[in-house]
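Examination of the molecular architecture
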Amino acid sequence: MLRSPEACACPIQEVGPSMAGSCPNQYLLFMTILEAFVNSRCDLADPCQRITSREDLDDSYDFIVAGGGTAGAVVAGRLSENPQWKVLLIEAGGDEPTASSVPAWVTAYWGREETDWMYYTEPQEKACLEDEGKCYWPRGKMLGGCSVINGMMYQRGHSADYDAWAVNGAAGWSWFDVLPYFLKSEDNKEIGRGISGQYHNTGGPLPVQKFRYAPQFAHDVVSAAIEIGYLPTSDLNGETITGFTIAQTMSDGSRYSTARTFLRPGAKRDNLHVLLNAHVSRVIVDPVLKKVQSVEYIKNGETKTVRVNKEAILSAGTLNTPQILLLSGIGPKDTLNKFNIPTIKELPGVGQNLQNHVGLEMKFTLNKLAEVPELNWATAMDYMLKREGPLSGTGLSQLTGIVNSKYASSGGRDPDLQFFFGGFYAGCGSGDIIDPESDLSDKREVSISGINLHPRSRGYISIRSVDPLQPPVMQPNYFLDEHDLDVLVEAGRIAYRLANSTILREKYGMTPSEEHGTVCQGGGVNPTDEFFKCLAKHHTAPENHQVGTCKMGPESDPMAVVDMELKVHGIEGLRVVDASIMPTVISANTAAPTIMIGERGAEFIRIRHQRSKNKPGDVANRFGDDTDTNASGNYASNEGDNGNRWTFGDYASNEAKDDKLTNNHDFHAWDHRWKPWEKNFHTNRQWDQKNQYFQPNNEWYKHQVPSQTQNYENSR
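Residues numbered from 1 in each chain as written. Predicted model: local features only at pLDDT ≥ 70, side-chain atom pairs only at ≥ 80, totals over all residues. Heavy atoms only, no water.

This part is about the overall build of the chain. Broken down by element type, the chain carries 16 helices and 22 strands. The buried share of the chain, taken over its 716 residues, is 63%. Residue pairs in contact within the chain that sit at least 24 positions apart in sequence constitute 75% of those at least 6 positions apart. Total accessible area on the chain is roughly 26,600 Å²; 47% of this is exposed by carbon and sulfur atoms. (Helix = DSSP H or I, 4+ residues; strand = E, 2+ residues; numbered from the N terminus. Buried < 20%, exposed > 50% of the residue type's maximum accessible area, 1.4 Å probe, protein only. Contact = heavy atoms within 4.5 Å. Areas by Shrake-Rupley, 256 points an atom, 1.4 Å probe, with all protein chains shown as cover.)

Another point: the packing of aromatic side chains. Summed over the entire model, instances satisfying the criterion amount to 20 aromatic pairs. Note on Phe-217 and Tyr-508: the rings are 4.9 Å apart at their centroids and 80° apart in plane angle, and the pair reads as edge-to-face. Highlighted residues: Phe-217 in helix α6 (residues 216–227) and Tyr-508 in helix α12 (residues 502–508), separated in sequence by 291 residues. Phe-217 gets classed as buried once you look at its relative accessible area, which sits at 3%. The buried category is assigned to Tyr-508, whose relative accessible area is 5%. Ring centres 5.9 Å apart and planes at 25° place the aromatic pair Phe-244 and Phe-419 in the stacked group. (Phe/Tyr/Trp six-rings, centres within 6.5 Å; stacked < 30°, edge-to-face > 60°.)

This part takes up unusual backbone geometry. Here the phi dihedral of Asn-300 falls at roughly 55°; this positive angle occurs in a residue that is not glycine. Looking at the element boundaries, Asn-300 is found in the loop between β10 (291–299) and β11 (302–314). The phi dihedral of Asn-477 is positive, around 55°, even though this residue is not glycine. Inspection of the secondary structure assignment puts Asn-477 in the loop between β19 (473–475) and α11 (482–499). Residue classification places Asn-477 among the buried positions, given a relative accessible area of 15%.

Going through the model one piece at a time under the given rule, you end up with five disulfides. With its sulfur 1.6 Å from that of its partner, Cys-8 forms a disulfide with Cys-42. Of note, the bridge from Cys-8 to Cys-42 carries an S-S torsion of about -100° and is left-handed in sense. Here Cys-8, found in the segment before α1 (28–39), pairs with Cys-42, found in helix α2 (residues 42–45); they are 34 residues apart in sequence, far enough to count as distant. Covalent S-S linkage joins Cys-10 and Cys-48, the inter-sulfur distance amounting to 2.1 Å. Across the S-S bond linking Cys-10 and Cys-48, the dihedral sits near 110°, which makes this disulfide right-handed. One end of the pair, Cys-10, is in the segment before α1; the other, Cys-48, is in the loop between α2 and β1 (60–66), and 38 residues separate them in sequence. (Disulfide = S-S within 2.5 Å.)

What follows concerns a nonpolar patch on the surface. A cluster of nonpolar residues, Leu-29, Ile-33 and Trp-377, forms a patch on the protein surface that exposes about 300 Å² of accessible area. Tracing the chain through its elements places Leu-29 in helix α1. (Patch = residues over 30% accessible without salt bridge, like charges linked within 9 Å, V, L, I, M, F, W, Y side chains within 5 Å. Salt bridge = Lys/Arg side-chain N within 4 Å of Asp/Glu carboxyl O.)

Three or four residues apart is the spacing at which side chains of an α-helix point the same way, because the helix has 3.6 residues per turn. Buried within helix α10 (residues 377–386) are the following residues: Thr-379, Ala-380, Tyr-383 and Met-384. Within α10, the buried residues cover an arc of 140° as seen down the axis, which keeps them to one side. Put simply, Asn-376 is the residue that caps the front of α10, since its side-chain oxygen is 3.0 Å from the backbone nitrogen of Ala-378. Count one or two residues on from α10 and you reach Arg-387, which has phi positive near 55°. (Arc of directions from axis to C-beta. Polar contact = N/O pair within 3.5 Å; in protein donor to acceptor, adjacent residues only side chain to side chain.)

What follows is about α6. With 12 residues, α6 ought to run about 16 Å at 1.5 Å a step, and its terminal C-alpha atoms sit 17 Å apart, in line with that. Here α6 has its buried residues at Phe-217, Ala-218, Asp-220, Val-221, Val-222, Ala-224 and Ala-225. Just downstream of α6, Gly-229 is the residue with a positive phi angle, here 110°. (Expected span 1.5 Å × (residues − 1).)

Counting across every chain of the model gives 28 salt bridges. Close ionic contact of Arg-264 with Asp-46 constitutes a salt bridge, the shortest N to O distance being 2.9 Å. Of the two residues, Arg-264 is situated in the loop between α7 (258–263) and β8 (272–275) and Asp-46 in the loop between α2 and β1; the sequence distance between them amounts to 218 residues. The partner of Lys-299 in a salt bridge is Glu-55, and the shortest N-O contact between them spans 3.5 Å. With Lys-299 in strand β10 and Glu-55 in the loop between α2 and β1, the pair connects residues that are 244 residues apart, well separated along the chain. In this structure Glu-55 comes out as partly exposed when scored by relative accessible area, which is 48%. Each of Asp-46, Glu-96 and Arg-264 takes part in a single network of salt bridges with overlapping partners.

The alternating pattern of β8 places Leu-272 and Val-274 on one face and His-273 and Leu-275 on the opposite face, and all of these are buried. Note: strand β2 (residues 87–90) against β8, four bridges, orientation parallel. Bridge assignment links Leu-88 to a residue of β8, and that residue is His-273. (Pairing = 2+ DSSP bridges.)

So, about the confidence of the model for the chain. Of the residues in the chain, 84% reach a pLDDT of 70 or more, and the chain-wide mean stands at 87. Note on residues 612–620: pLDDT is under 50 here. Beyond four places in sequence and across chains, it has 15 contacts. Per-residue pLDDT stays below 50 along residues 624–684; that stretch engages in 142 contacts with residues further than four places along the chain or on separate chains. (pLDDT = per-residue confidence, 0-100.)

Let's shift gears to the packing of helix α3 (residues 72–79) against helix α14 (residues 591–609). Their axes nearest at 8 Å, the elements α3 and α14 cross at an angle of 35°. Considering only the axes of α3 and α14, their crossing is right-handed. Residues Val-74, Val-75, Arg-78 and Leu-79 of α3 form the contact with α14, whose own contacting residues are Ile-595, Gly-598, Glu-599, Ala-602 and Ile-605. Residue classes in the contact of α3 with α14 are distributed as six nonpolar, one polar and two charged. (Axes fitted to C-alpha atoms, helices over the stretch in contact; angles between N-to-C directions. Left-handed = near helix turned anticlockwise from the far one by under 90°. Nonpolar A, V, L, I, M, F, W, Y, C, P; charged D, E, K, R; others polar.)

So, on to the side chain of Asp-481. Within the fold, Asp-481 resides in the loop between β19 and α11. In this structure, Asp-481 is buried with no salt-bridge partner, the nearest side chain bearing the opposite charge being Arg-456 at 4.7 Å. Engagement of the side chain of Asp-481 in a polar contact is seen with the backbone nitrogen of His-483, the distance being 2.8 Å. (Lys, Arg positive; Asp, Glu negative; His and termini not counted.)

Interhelical geometry of helix α4 (residues 159–167) versus helix α5 (residues 175–185) gives an angle of 125° and a closest axis separation of 8 Å. Considering their axes alone, α4 and α5 lie oblique with respect to each other. On α5, the residues that touch Ser-159, Tyr-162 and Asp-163 of α4 are Trp-175, Val-178 and Phe-182. Of the residues contributing to the contact of α4 with α5, the split by class is four nonpolar, one polar and one charged. (Parallel < 35°, antiparallel > 145°, perpendicular 65-115°, else oblique.)

Turning to the nonpolar core, a few remarks are in order. Burial of nonpolar side chains together is a common tendency in soluble globular proteins. Trp-173, Ile-330 and Leu-574 are the most contacted members of the largest nonpolar core, which has 88 residues in total. If you tally residues by element for this core, the top one is α14, at seven residues. Apart from the residues within four sequence positions on either side, Ile-330 is in contact with Val-285, Leu-325, Leu-336, Ile-344, Lys-345, Leu-347, Val-350, Val-568, Ile-571 and Leu-574. In terms of nonpolar packing, the next biggest core, distinct from the first, is built from 56 residues, Ile-228, Leu-399, Phe-424 and Leu-498 among them. (Core = buried A, V, L, I, M, F, W, Y, C linked by side-chain atoms within 4.5 Å.)

The following block contains the structure:
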C-alpha cells in the first residue's frame, strides 16, 4: 500500500478485486502501480465511510431492502435517516471497489464474477448474431449496482415520457409529479454556465456536472452535427431536449455511485445494517392474510430468514426482482404451476413487458490519427494530482445526441433516436508516452451506436428452475416488431452523414471501417436500408436500460404488478422500488430516473409509516445516541440538524423544501416556470394503446416458460 500524500482520518483498506486484471498482460506492471496510487488516496478510498457487512443480524427489522443497487441504495439510505426505524439492506455482492471511482475505468469490472452478474439473453433470432444470438447484459453485482459500472450520464428523459405514463394509467407520475424528486437528489455544479437553474437544483447529495476532460474529437463531433443540421445543446435536461452535446454526468472528478452518495454518509448509523454477499431468494408471505412475514436469503450456502415488521422492499432490478417474486409464489399462475410453486397471488404481469433500448453499432476509422494510448505517466499524474485529464472522463462515451427520426411524434418533443460514441478510452496503458504522429500504421478507430429510444418489441423475464442462484430466463425479443429496424435505418444514415461531414472527413479522414459489417450486403458509399438492418442484427447495440418487468398501473390493468405507490397488488407490506416498475422505457439513459424512483419510493414509505415531523424532544432514538451527526455531514437533516426542525431526507435541512417535494398538488410558485412542460403533448407511440404486444394470448406471452430440461449453458 502506497502512502497517501495527505493523512487519512481512518486506515485505508483495499476494497474489491483489482482492476489491473482487466488490462492486457503487457500493461500489468504500470496498471498495478497506478492502481496502488489510486487505492491510497483518501478521497477515492473514502475509508471513514466505508460500509461494513453486519454478519450478526437482529431477529427482525422494520424495513428490509433486497438489493443495494442503483435504487436500493437510495431507499435504504433514505429510510435509515429516521433513527426510529431499523433498516436492513441485503446485497448479493460486496462493497464497490476503490478503483471503480476512476471514471475512465468504467468497464474494468464488467465480465467478472465478483462484480458482474454475467447475464446473457436467450439466443435471439434477429439480434447479436455476431455472438450466436446471445446478447451480453453487464449488471453490477455490488453495492451501487449498475451505478458503479455505467457511463455516469445524467439524463432524465423528457416530459412526454412521464406524461404518457400518467395518461396510460400511472396517475400521479406525470413530469410535473416526478420533477421534484429529480431536483431533490441533484447538486448541479454548472448552473449559470450553460445550465439553467430553472430546470436544475443545488444542495442535493449527487454532484452533477460535465467530466473535467473530453477529447477534442468529441467537440468536433458536435461541430459536425451542426454542419448536417442538428443544433447543439448545452443541456438535454433543459428546454432544448434534442441536439448533440457533451453530457453532464454524476461525478466530481470521480464516480458517484448511489452507494457512495446515499449509503456511505449513513455508514455509522446504529439503525442501518448492511449484509453483503447474501442472495435474497424469496419473500415469505402469509398465504391467508397475504401479508409479508419475512425475507429469505442465502449466505455461504446456508439459507436463513429474517422477520419484517413493516415492509419488505424489492430493489433487485428489472431482471432479478421478478425472479424473486416468482420464487415467492407471486406471478403468472402457469409459470408457478410449471415449477410447482404454490400460488400466493396470481399477477400475470410479473416478468412481462420487458423493454430495453436497442440499436446498431457502426465502426469508423480515423485515417489521419494514430491509435495511441490515452493513458501514460503524464496523464496519470494529471489525475492523481488534480483529478483532471483522460482518467477523469470516459473518452467519447460522454458525447451523445438525441434527435427525431422521420418516425418520431409530430411536434419534436418526443425524440426517438439517441447516439452513443466509443473510443479515446484511457482504461489501460503501459505508461509510455508515444508521439501520436510517429506511426500511422495502426489507425485509431471509433464507434457510433444509433439507439431506438421507443422500441415496440416486448420481451419477458422468467425463471429457469426453483434454484434462486440460477440466472433468470431473459428473452428481450429484439426486433420482434419490424418498426424497430426501420427506425435504426434512419440512425445509420444520420451516423454516415455525420462521419462524412467536412470537419470529420478532412481533419480526421473518417471513413467506415472496412472490416466491419462485411457479412452484410449493400454497404459502400450509399448503403441500402437492408445493409443497416443487417448491421443491427449482427452488430447489435443491446444497451443496458432494461425496464418494465413489474409494471406500475391500477389494479384494473391485468398486467400491472404494483400500484402508483409501488405496492405489490394484493400483498400487504411488499413494494417494488427499481426500474422494473416503469410502464415504458424513458427516452434516455435510465440511471437518473431510477434514482428518482428510489427517492419517490422512499418518500411513499416514509409518509405511510413516519410517526412525527415535529422536534424530536419527545421522540427518542431507540438505537442509542446519534453518533454520526457530523460524520454524515448534511446528508440527513435529522442527524445534523440545528435543533430547530425535524425532517428526514432533506439535504438543505429545510422544512419548506420538504413540503414542496412531498406535496404533489401545491406547485403554484412553479407554475410560471413549467408552462412549456405541461401535458399538451402529441405522441404516436403505439405501445401506449392496446396492441398485440400487450395481449396475453399472443406469441411473446404464451411461450414465456422454458422447459425445465433446457440446457442452462445455452443462455450464457
